[in-house]
Amino acid sequence: EAQVTQNPRYLITVTGKKLTVTCSQNMNHEYMSWYRQDPGLGLRQIYYSMNVEVTDKGDVPEGYKVSRKEKRNFPLILESPSPNQTSLYFCASSFGISNTEAFFGQGTRLTVV
Amino acid sequence: AQSVTQLGSHVSVSEGALVLLRCNYSSSVPPYLFWYVQYPNQGLQLLLKYTSAATLVKGINGFEAEFKKSETSFHLTKPSAHMSDAAEYFCAVSLSNTDKLIFGTGTRLQVFP
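Fair warning: this is a prediction, and the values are worked out from it, not measured in the lab. (Residues numbered from 1 in each chain as written. Chains lettered and ligands numbered in written order. Predicted model: local features only at pLDDT ≥ 70, side-chain atom pairs only at ≥ 80, totals over all residues. Heavy atoms only, no water.)

Examining the sheet that holds strand β8 (residues 73–78) of chain B
All names here are of chain B.
Line of reasoning, step 1. Strand order in the open sheet formed by five strands is β1-β3-β8-β7-β6, with antiparallel pairing between adjacent strands. Pairing within the sheet leaves two strands with one partner each, and these edge strands are β1 (3–7) and β6 (56–58). Within the sheet, the average angular offset between the axes of one strand and its neighbour, ignoring direction, is 20 degrees.
Line of reasoning, step 2. Pairing geometry for β6 and strand β7 (residues 64–68), over three bridges, is antiparallel. The partner of Lys58 across the bridge, within β7, is Glu64. (Pairing = 2+ DSSP bridges. Helix = DSSP H or I, 4+ residues; strand = E, 2+ residues; numbered from the N terminus. Axes fitted to C-alpha atoms, helices over the stretch in contact; angles between N-to-C directions.)

Quick look at the structure:
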């Protein structure tokens, strides 16, 4: 089954404790991205990757890191999480970006206390 | 710069009534337009997309949207609402010369019996 898998689905952590949210897709997509969803703000792009070893900042990259060492995986790293990073995070993948369907993971609800 | 505006953060309809969710876009070049749906505790999934072919686009679950260049709109409609349509709906826009998919702030649809 074609899918984007994120882990964990739920995470509560403390300020400053490094964490990684994993994202994996099995559709051989070149393009992957991370979004955060906040009430009243919709989805905002954090980082994206056009292919292996190619990543770039989205609209809200501060406080986040990503890597793309393999085509299927695109982890999101919070080196020192802060409460303002409490949000719902989505990973997405697609063959391209302009006119193709994006496939989304189930989401990771992160709470930073 | 491209952007998308969804009018109405909440829309309530009775079961069997017409559903109309509004989306207006801003773009200096012909856009690609999408509607995604998010059911509770799930990721987003594509409802339909406009990619410069027919201006009336039919999607899944009986939804359709019409691209109106003169009004810069891409409103989503369904003739008869069903209880299972209750979800959050996102309009999104991308351009052929960019690497971004820009989302609106979302409209939560409630369907009453």
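Considerations on the layout of surface pockets
Line of reasoning, step 1. Quantified by volume, the largest pocket comes out at close to 530 Å³.
Line of reasoning, step 2. At the level of secondary structure, the elements contributing two or more residues to the lining of the largest pocket comprise β4 (31–38) and β9 (87–94) of chain A together with β9 (87–95) and β11 (107–112) of chain B.
Line of reasoning, step 3. Partitioning the lining of the largest pocket into residue classes produces ten nonpolar, 14 polar and five charged.
Line of reasoning, step 4. Estimates place the volume of the second largest pocket at around 320 Å³. (1 Å grid on protein atoms, 1.4 Å probe; cavity = no way out; pocket = protein on both sides within 12 Å on 5 of 7 lines; lining within 4 Å. Points joined across faces, edges and corners; volume = space filled by probe spheres on them. Nonpolar A, V, L, I, M, F, W, Y, C, P; charged D, E, K, R; others polar.)

Description of the interface of chain B and chain A
Line of reasoning, step 1. Opposite the 24 residues of chain B that make contact, chain A presents 25 residues.
Line of reasoning, step 2. Summed over both sides, the interface between chain B and chain A buries roughly 1800 Å², with carbon and sulfur atoms accounting for 50% of that surface.
Line of reasoning, step 3. There are zero salt bridges connecting chain B and chain A.
Line of reasoning, step 4. At the boundary of chain B and chain A, one finds three residue pairs in polar contact (both at pLDDT 80 or more).
Line of reasoning, step 5. Among the secondary structure elements, those contributing two or more residues to the side of chain B that touches chain A are β4 (31–38), β5 (44–50), β9 and β10 (101–103) of chain B.
Line of reasoning, step 6. By residue class, the composition of the side of chain B that touches chain A is ten nonpolar, ten polar and four charged. (Contact = heavy atoms within 4.5 Å. Buried area = accessible area lost by both parts, 1.4 Å probe. Salt bridge = Lys/Arg side-chain N within 4 Å of Asp/Glu carboxyl O. Polar contact = N/O pair within 3.5 Å; in protein donor to acceptor, adjacent residues only side chain to side chain.)

Details of the pattern of salt bridges
A pair can form between side chains of opposite charge whenever their charged atoms are brought close.
Line of reasoning, step 1. Tallied over the full model, the rule gives eight salt bridges over all chains.
Line of reasoning, step 2. Of the charged contacts in the structure, one is a salt bridge between Lys65(A) and Glu79(A), with a shortest N-O distance of 2.9 Å. With Lys65(A) in strand β7 (residues 65–66) and Glu79(A) in the loop between β8 (76–78) and β9, this pair connects stretches of sequence that are 14 residues apart.
Line of reasoning, step 3. Linking Glu64(B) and Lys58(B) is a salt bridge whose minimum nitrogen-to-oxygen distance equals 2.8 Å.
Line of reasoning, step 4. Within the structure, one salt-bridge network assembled from shared partners comprises Lys18(A), Lys65(A) and Glu79(A).

Regarding the packing of aromatic side chains
Line of reasoning, step 1. Throughout the structure, instances matching the rule amount to 14 aromatic pairs over all chains.
Line of reasoning, step 2. When the centroid spacing of 4.1 Å and the interplanar angle of 15 degrees are considered together, the rings of Tyr50(B) and Phe67(B) count as stacked. Here Tyr50(B), found in strand β5, pairs with Phe67(B), found in strand β7; they are 17 residues apart in sequence, far enough to count as distant. Across the pair, Phe67(B) and Tyr50(B) agree in class, each one buried.
Line of reasoning, step 3. Aromatic rings pair up to connect Tyr35(A), Phe90(A), Phe104(A), Phe34(B), Tyr36(B), Phe90(B) and Phe103(B) into one cluster. (Phe/Tyr/Trp six-rings, centres within 6.5 Å; stacked < 30°, edge-to-face > 60°. Buried < 20%, exposed > 50% of the residue type's maximum accessible area, 1.4 Å probe, protein only.)

Remarks on the sheet that holds β7(A)
Residues and elements named next belong to chain A.
Line of reasoning, step 1. Here we have four strands laid out as an open sheet, ordered β1-β3-β8-β7, and antiparallel in their pairing. With partners counted over all chains shown, the strands left at the sheet margins are β1 (4–7) and β7, one partner each.
Line of reasoning, step 2. Where strand β3 (residues 19–25) meets β8, three bridges bridge the pair, whose relative direction is antiparallel. Paired with Leu19 across the bridge in β8 is Leu78.

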